Amino acid sequence: MADEAQLQLADSERPILVDEQIEELQKITDYEIKEWPIGVLVEKFTNGREKDESEIFIPDYP
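Quick caveat, the model's predicted, so the values are computed rather than measured.

## Comments concerning the overall build of the chain
- Of regular secondary structure, the chain possesses 3 helices and 0 strands.
- N-terminal to C-terminal, the α/β element order of the chain is α-α-α.

Written out as structure tokens, the structure is:
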């Protein structure tokens, strides 16, 4: 029934409805980008690797 109601909307009302739906469903995403020297990355991967406690984990793939 909701689809039928949306089909009956005037063409000028559809963009407004779509914008409202986007605003309701959007999520705020926060992230940081960092660049690390390769030596730091290798150290984070190798330290603690024997005990599976390294900071960077790469899973085994079959």
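## Quick word on the pattern of salt bridges
- Summed over all chains, the structure comprises 1 salt bridge.
- Where E32 meets K34, a salt bridge forms, and the shortest distance between an N and an O atom there is 3.9 Å. K34 carries the same exposure label as E32, and that label is exposed.

## Focus: a negative patch on the surface
- Among the surface-exposed residues, D19, E20, E23 and E24 lie close enough to one another that they form a single negatively charged patch.
- Assignment of secondary structure puts E20 in helix α2 (residues 14-25).

## Remarks on the confidence of the model for the chain
- Looking at the chain, the pLDDT average stands at 76 and 79% of residues meet or exceed 70.
- Highest mean pLDDT in the chain belongs to helix α3 (residues 38-46) (85); lowest belongs to helix α1 (residues 2-7) (55).

Calculation criteria
Residues numbered from 1 in each chain as written. Predicted model: local features only at pLDDT ≥ 70, side-chain atom pairs only at ≥ 80, totals over all residues. Heavy atoms only, no water. Helix = DSSP H or I, 4+ residues; strand = E, 2+ residues; numbered from the N terminus. Salt bridge = Lys/Arg side-chain N within 4 Å of Asp/Glu carboxyl O. Buried < 20%, exposed > 50% of the residue type's maximum accessible area, 1.4 Å probe, protein only. Patch = residues over 30% accessible without salt bridge, like charges linked within 9 Å, V, L, I, M, F, W, Y side chains within 5 Å. Areas by Shrake-Rupley, 256 points an atom, 1.4 Å probe, with all protein chains shown as cover. Lys, Arg positive; Asp, Glu negative; His and termini not counted. Charge placed at Lys NZ, Arg CZ, Asp CG, Glu CD. pLDDT = per-residue confidence, 0-100.

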